[in-house]
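A look at the structure
Spelled out from the first residue to the last, the chains are:
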Amino acid sequence: MSPLEWLASVCFILGCSLNLIAAIGALRFPDLLARMHAATKPQVLGLILTMAGLAASLGSSQLTWKLLIVVLFQFMTAPVSAHMVGRSGYRTGKVRDEDLVVDELTEDLRRVQQADTQPPTS
Amino acid sequence: MSPIVLWVGGLMLAAAALLIVVRIERGPSMLDRTIGLDMLVSVVVAALALWSGATGRTDLVNVLVVLTLVGFVGSVTLARFVAVEPEDEGRILTPEEVRAHDDRMRAAIAKESKRRVGGREDAMRRAYPEDEDPR
């Protein structure tokens, strides 16, 4: 096997194992946010690895550009869906407070609520 | 690319898809299932890439482009319209609970049909008179 084929094989195996690890994480993690954390890994790093492997095994510059576009699209769409899922999870009470180390959103919302209820002192 | 890579990667992806389907079935909320669907899309993308690399089929690259563009639409739509669910809603009932519910409904329907012709809503209200959440 040529070095390029070795590179492709390693990239493919790493990407596929990242998918498997993320699936195990999504199955075993206890919380919505923890499952989101696990789900992000194959979506970005796993995709980059498999696309790099595919580019190395196909060996055509035109297709490599197309695979770069695939990664770019994923970079644009994955944060959108993660943001929406996290936001609606927070709003519908699926985020457990006791599991969070830092929860700035709740503090900010409380501060806004206090500012709304108290009239300005000056 | 050697067939060993195809087999090892394919088996890993199959196991991953199976575990994700288990997560989608368990839920417990709509958003967990949404995450599962997102991950399933990424598994499909990886499988297509693997197949394309193994067989040299370059037409599958276009499918990858479309999948990464469209894959997030479902989860965004679901997340936009998700509402506060009751605590127990995503759970699948145990056989005992289903049997108890059926018995209760049957008794209520029998009672109702003796008096007058009643609809399912009437029977539901009769089966669970004090609950605010009839199942």
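Residues numbered from 1 in each chain as written. Chains lettered and ligands numbered in written order. Predicted model: local features only at pLDDT ≥ 70, side-chain atom pairs only at ≥ 80, totals over all residues.

In this section: the packing of helix α2 (residues 30-55) of chain B against helix α3 (residues 60-81) of chain B. Residue and element names in this part refer to chain B. Here α2 crosses α3 at 180°, and the two axes come no closer than 10 Å. Between α2 and α3, the angle falls in the class roughly antiparallel. The segment α2 lies against α3, with Met30, Leu31, Thr34, Leu37, Asp38, Val41, Val44, Val45, Leu48, Ala49, Trp51 and Ser52 engaging Leu60, Val61, Val63, Leu64, Leu67, Thr68, Gly71, Gly74, Ser75, Leu78 and Ala79. Partitioned by chemical class, the residues of the contact of α2 with α3 number 16 nonpolar, six polar and one charged. (Axes fitted to C-alpha atoms, helices over the stretch in contact; angles between N-to-C directions. Helix = DSSP H or I, 4+ residues; strand = E, 2+ residues; numbered from the N terminus. Parallel < 35°, antiparallel > 145°, perpendicular 65-115°, else oblique. Contact = placed C-beta atoms within 7 Å. Nonpolar A, V, L, I, M, F, W, Y, C, P; charged D, E, K, R; others polar.)

Next up on the list: the interface of chain B and chain A. Contacts between the two partners involve 44 residues from chain B and, on the opposite side, 48 residues from chain A. Looking at the side of chain B that touches chain A, the elements that each hand over two or more residues are α1 (3-26), α2 and α3 of chain B. The element best represented in the side of chain B that touches chain A is α2 of chain B, accounting for 15 residues. Of the residues that constitute the side of chain B that touches chain A, the class distribution is 28 nonpolar, twelve polar and four charged.

Domain boundaries in chain B define domain 1 (3-81) and domain 2 (95-127). Here the C-alpha centroids of domain 1 of chain B and domain 2 of chain B sit 43 Å apart. (Domains from an automatic or database assignment.)

With that out of the way, let us pick up α1 of chain B. With 24 residues, α1 of chain B extends 35 Å from end C-alpha to end C-alpha; this agrees with the ideal 34 Å at 1.5 Å per step. Within the span of α1 of chain B, buried status applies to Val5, Gly9, Met12, Leu13, Ala16, Leu19, Ile20 and Arg23 of chain B. Where α1 of chain B is buried, its residues meet α1 (3-28) of chain A together with α2 of chain B. Positioned one or two residues after α1 of chain B, glycine 27 of chain B has a phi angle of 75°, which is positive. (Expected span 1.5 Å × (residues − 1). Buried ≥ 20, exposed ≤ 12 C-beta atoms within 10 Å, placed from the backbone.)

To continue, consider α1 of chain A. Here α1 of chain A contains 26 residues, and its C-alpha end-to-end distance of 37 Å stays within 8% of the 38 Å for a straight helix at 1.5 Å per residue. Ala8, Ser9, Cys11, Phe12, Gly15, Cys16, Leu18, Asn19, Leu20, Ala22, Ala23 and Ala26 of chain A are the residues of α1 of chain A that are buried. Of the surrounding secondary structure, the elements contacted by the buried residues of α1 of chain A are α2 (32-58) of chain A together with α1 and α2 of chain B.

In this section: the nonpolar core. Counting residues in hydrophobic clusters, the biggest one holds 52 residues, and the most contacted among them are Ala23, Ala26 and Met51 of chain A together with Ala16, Met39 and Ala46 of chain B. Every element with two or more residues in this core is listed here: α1, α2 and α3 (61-91) of chain A together with α1, α2 and α3 of chain B. The element best represented in this core is α2 of chain A, accounting for 13 residues. Residues within four places of methionine 51 of chain A in sequence aside, it is in contact with Leu67, Val70 and Val71 of chain A together with Ala49 of chain B. (Core = buried A, V, L, I, M, F, W, Y, C linked by C-beta atoms within 7 Å.)

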